[in-house]
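So you can see what is in the structure, the chains are spelled out below.
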Amino acid sequence: MSPRPRVALAVVVSLTLLAACDSAEERAEKHFETGLALMEDGDVDRAVVEFRNVLRLDARHKEARALYADLVLEQGKWRDAYRNYLALVEFYPADVEPRITLADMAVRMGRWEDAVHHGTRVIQDAPDDPRVQLISAALDFRGAISRRDDAARRAAAAQAEALVADLEDPSLAREIVIDNYMRDGAHAAALVHVRAAIDEGVETPEKFITKLSLLGALNEDAAFGAALQEAVVLFPEHTDFADDLVAWYIERDATDQAEAFLRDQVTNGPGAADRHRMRLVGFLREMKGDAAAQTELQGYVDEGVNPDLFGSVSAQFRFEAGEVDRAIDQMQAIVADAPPGRQTRDIKVELARMLATHGRLIAARQHISEVLAEDVGHVDALKLRAAWLINDDRPDDAIAALRAALDQAPQDAQAMTLMAEAHMRNGNRGLAGEMLSHAVDASGSRAEEALDYARFLQADGNGRAAEAIVVDALQVAPGDTALLAFLGELYVAREDWVRAEQTEQTLRDQATSAALEAAQVLELARVNSQQLSAEAIGFLSDLARRDDVNGAELAVVRAHFAARDYTSAERFIDVALAQAPERPVMRYLKGSVLAATGRSGEARAIYRALLVEDPTDDVVWRALYATERRDGTAAAAAQVLDDALKVLPEDPNLLWARAGLLEEMGDYDGAIAVYETLYGADPASPVLANNLASLLSTHRDTPEDLERAYSVAKRLRGASEPAFQDTYGWIAYRRGLIHDALDHLKPAAEALADDPMVIFRLAMAYRADARDDKALPLFERALALAGPDDTRPAFTTARDEIARITSTMAESEAN
């Protein structure tokens with residue numbers, strides 16, 4: 001975009017003659033005059049420094065701030081420029097020019113709340129300015145899209161198109177027009193404006209990506225290839241173009257051409273040859289296998305061509321192939337002798353990832369500390385440290401690290417996703433959603449980021465918005481298994497059976513093992529939603545992942561269970577077992593039918609026989625435990641868990657069951673210890689966080705335990721799940737945050753109206769808020785729900801509070 005018009009130099013110089021009285025103002029003016037001189041000499045970088053010095057001494061220095069904002073905007077530092085234009089309009093609200101620039105930037109950056117605020121103001125103040133008319137059109141366009149009003153969207157785009165000729169910088173207008181035509185599928189019309197934008201100087205990777213997308217939609221294959229080749233030359237740092245050109249060759253069975261292109265890039269390509277060597281190695285690995293790639297890498301090492309880099313890549317390949325110790329040893333040998341510098345820091349970060357993946361966190365963190373000691377802004381090191389801080393329940397520290405990373409790499413989608421996770425840990429879903437949205441945009445609707453945001457939206461009940469995000473991502477990655485699987489889940493959730501089955505079939509048509517498994521899981525979810533029992537779905541889901549059952553058999557058993565026709569299911573299983581009596585899955589199914597029809601002893605016998613043959617089968621252990629829990633004794637169920645955990649001590653499902661059993665038995669310290677283990681392995685789980693924090697805040701009394709509970713439970717702040725509201729509300733109460741506690745405990749008590757502990761906790765919060773009139777009926781209700789035999793300390797407290805409040809009321813009435 002064109003920068004804000006600069007203040008005329010003569011006027012600026014004349015203003016400097018009005019010397020300030022104090023020394024700070026005098027120093028500011030000297031810096032300002034130096035900055036002007038440096039600008040005249042063309043030394044923009046040093047001029048920026050001088051203007052920054054002015055603002056440190058005099059934040060309201062209008063001319064310095066305006067010039068500083070203009071210059072950093074020209075340098076592409078949008079965030080910095082935006083902050084300074086914002087300061088200008090705050091200090092000098094009557095000035096129209098900076099507000100126009102600010103509104104324009106807000107539109108381009110997607111800061112729609114700011115865009116509406118400042119845009120509305122400039123539309124009132126300067127309605128005839130073409131730039132302002134474009135801002136108005138942009139806001140109308142955005143609003144029309146939100147309302148799904150196609151007629152209004154087209155009208156706003158037409159207004160933008162009419163302004164193109166009147167604008168010094170028509171790039172935003174063309175963006176609106178291109179977006180509009182693409183939404184209507186008018187690819188040829190959109191392509192006209194894309195080409196015009198490029199001719200006008202908007203030669204950005206994003207513009208070429210749009211051009212390539214349109215050429216592909218129009219089946220202009222030759223032009224597509226030519227545009228790719230042009231993009232490779234124009235944007236040597238944008239490696240996707242070279243990768244896409246190689247893919248274009250491969251799709252046309254021109255593998256030799258692809259390899260020749262990559263080898264030519266090594267010799268003649270723009271930029272660093274090592275980057276092109278890396279691309280060649282990746283190509284060889286994908287097309288010819290690890291052996292060919294390792295041969296190429298070893299050739300570079302033997303020739304002395306950056307042996308540290310290519311040796312580290314060789315180690316990474318070995319690590320991914322399962323040669324963990326050899327790979328780590330190779331990496332450690334490299335970093336031990338490598339000279340200090342950026343490349344060595346990058347290799348250390350990769351080594352840290354390897355070490356962390358295999359539980360060697362102390363060594364991993366040491367390497368990251370060394371990297372950041374040399375380079376405080378190393379983006380990958382900051383991201384890795386932030387991820388660890390999040391897992392350590394230190395989200396504020398993680399946010400600080402990620403802000404530093406984003407200052408260096410503002411479009412790093414992974415950093416944005418981590419920032420969202422940190423905000424979630426802090427219980428700030430609004431900021432988390434904003435960061436996830438930015439991550440989708442920064443990644444170009446990549447599947448991973450799109451799924452993260454779509455899941456977030458779905459959790460907030462915005463299924464339609466989640467669907468739109470996934471559909472957009474499928475335009476970028478058609479046929480992506482994870483995207484299709486999630487889309488199917490959305491359709492099942494809103495009982496759109498036609499689309500769910502269509503998505504299921506699309507997955508089956510891909511015929512890959514991952515797609516077929518996703519289709520099977522989707523079908524199970526669909527059948528479950530159509531009244532198949534949760535227990536049946538559990539064992540059928542496990543069954544779907546086994547090797548010795550075919551799809552036809554599974555479909556038959558599933559149909560019988562869906563109809564609750566266990567007799568037919570058992571008959572079918574018996575026929576299969578008569579033909580092959582040793583088949584483990586069919587025997588497991590037999591046990592499941594027996595358990596479902598009340599023959600638990602026979603079911604347990606089958607499960608135990610299976611476990612003799614394979615004691616590591618967690619599915620059978622869980623089935624045996626469930627049967628003992630339902631029809632056996634608590635002691636027998638506990639013994640099953642003990643036996644299972646001796647064989648599978650880290651199995652999360654078994655550990656989860658152990659924690660629940662210990663809690664029921666009143667062994668809260670034991671349950672907390674198990675939840676701590678589970679939480680250490682999966683700190684991102686909100687359910688684990690809730691259970692651990694709930695036990696800590698309910699059954700532990702030390703300040704350290706309460707602080708631990710709060711650090712774990714912060715992510716539950718503002719949650720919609722009643723159990724989460726109850727946990728966070730009680731912790732807030734115990735920390736003295738009474739209003740925060742009431743905000744969470746009131747909706748929890750409404751949703752969990754029959755839970756005496758939840759009612760008791762709300763009563764305690766009202767008591768702490770000096771609202772005995774609200775607390776008394778809740779204490780009475782909690783006691784009624786608990787019953788006279790409940791000896792938990794909470795209800796002793798409830799009785800004491802009822803007596804206290806009643807006595808106080810009686811005294812008040814007597815007086």
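Residues numbered from 1 in each chain as written. Predicted model: local features only at pLDDT ≥ 70, side-chain atom pairs only at ≥ 80, totals over all residues. Heavy atoms only, no water.

(A) Just the packing of helix H42 (residues 722-734) against helix H44 (residues 756-768), in detail. Orientation of H42 relative to H44, taken along the N-to-C sense of each, is 30 degrees, at an axis distance of 10 Å. Along this stretch, H42 crosses H44, giving a crossing that reads as left-handed. Contacts between H42 and H44 involve Asp726, Trp730 and Tyr733 on the former and, on the latter, Val758, Phe760, Arg761, Met764, Ala765 and Ala768. Classifying every residue of the contact of H42 with H44 gives seven nonpolar, no polar and two charged. (Axes fitted to C-alpha atoms, helices over the stretch in contact; angles between N-to-C directions. Helix = DSSP H or I, 4+ residues; strand = E, 2+ residues; numbered from the N terminus. Left-handed = near helix turned anticlockwise from the far one by under 90°. Contact = heavy atoms within 4.5 Å. Nonpolar A, V, L, I, M, F, W, Y, C, P; charged D, E, K, R; others polar.)

(B) Highlighting the pattern of salt bridges. Counted by the stated rule, this structure contains 64 salt bridges. Between Arg604 and Glu628 there is a salt bridge whose closest N-O contact spans 3.5 Å. Pair noted here: Arg604 is in helix H35 (residues 600-613) and Glu628 is in helix H36 (residues 618-631), with a separation of 24 residues, a long-range link. Several salt bridges converge on common partners, so that one network encompasses Asp393, Arg425, Glu676, Arg708 and Arg715. (Salt bridge = Lys/Arg side-chain N within 4 Å of Asp/Glu carboxyl O.)

(C) Just helix H43 (residues 738-751), in detail. For H43, with 14 residues, the first-to-last C-alpha span of 20 Å sits near the 20 Å given by 1.5 Å per residue. Among all positions of H43, only Ile738, Ala741, Leu742, His744, Leu745, Ala748 and Ala749 are buried. Contacts made by the buried residues of H43 are with H42 and H44. (Expected span 1.5 Å × (residues − 1). Buried < 20%, exposed > 50% of the residue type's maximum accessible area, 1.4 Å probe, protein only.)

(D) Looking closely at the confidence of the model for the protein chain. In this model, the protein chain carries a mean pLDDT of 88, and residues with pLDDT of at least 70 account for 93%. In this model residues 1-21 is a low-confidence stretch, pLDDT under 50, and it forms 41 contacts with partners more than four residues away in sequence or in other chains. (pLDDT = per-residue confidence, 0-100.)

(E) Geometry of the packing of aromatic side chains. Taken as a whole and assessed by the stated rule, the structure comprises 14 aromatic pairs. Plain terms: the ring middles of Phe760 and Phe779 are 6.0 Å apart, the flat faces sit at 55 degrees to each other, and that makes the pair tilted. Here Phe760, found in helix H44, pairs with Phe779, found in helix H45 (residues 772-786); they are 19 residues apart in sequence, far enough to count as distant. Accessibility classification places Phe760 together with Phe779 in one group, the buried group. Taken together, the aromatic side chains of Trp730, Tyr733, Phe760, Phe779 and Phe795 make up a single cluster linked through ring pairs. The cationic tip of Arg60 hangs over the ring face of Tyr92; the distance from NZ or CZ to the ring centre is 5.8 Å. Its end group placed over the ring of Tyr92, Lys62 keeps NZ or CZ at 5.2 Å from the ring centre. (Phe/Tyr/Trp six-rings, centres within 6.5 Å; stacked < 30°, edge-to-face > 60°. Lys NZ or Arg CZ within 6 Å of the ring centre and 35° of its normal.)

(F) Representation of the side chain of Glu350 in the model. In this structure, Glu350 sits in helix H20 (residues 342-357). Here Glu350 falls in the buried class, since its relative accessible area comes to 19%. Reaching out from Glu350, the side chain makes a polar contact with the side chain of Arg353 at a distance of 3.1 Å. Non-local contacts of Glu350, meaning those with residues more than four positions away in its chain, are made with Gln316 and Met331. (Polar contact = N/O pair within 3.5 Å; in protein donor to acceptor, adjacent residues only side chain to side chain.)

(G) Structural detail: the nonpolar core. Tyr607, Trp621, Phe760 and Phe779 are the most contacted members of the largest nonpolar core, which has 79 residues in total. Counting residues per element, this core draws most heavily on H44, at nine residues. Those residues within four positions of Trp621 in sequence are excluded, and the remaining contacts are Leu611, Pro615, Val640, Asp643, Ala644, Val647, Leu648 and Leu654. Within the second largest apolar cluster, 71 residues are counted, among which are Ala327, Val335, Val349 and Ala454. (Core = buried A, V, L, I, M, F, W, Y, C linked by side-chain atoms within 4.5 Å.)

(H) Looking closely at the packing of helix H16 (residues 273-288) against helix H18 (residues 307-320). For the pair H16 and H18, interaxial distance at closest approach is 12 Å and the crossing angle is 25 degrees. Regarding the angle of H16 to H18, the classification is roughly parallel. The hand of the H16/H18 crossing is right-handed. Along its contact with H16, which presents Asp274, Arg277, Met278, Val281 and Arg285, the element H18 presents Leu309, Phe310, Val313, Phe317 and Glu320. Along the lines of polarity and charge, the residues of the contact of H16 with H18 split into six nonpolar, no polar and four charged. (Parallel < 35°, antiparallel > 145°, perpendicular 65-115°, else oblique.)

(I) Structural detail: the environment of Ala156. Examined against the element boundaries, Ala156 turns out to sit in helix H9 (residues 150-163). Since its relative accessible area comes to 3%, Ala156 is described here as buried. Note: C-alpha distance between Ala156 and Arg142 (14 residues apart in sequence) is 9.0 Å.

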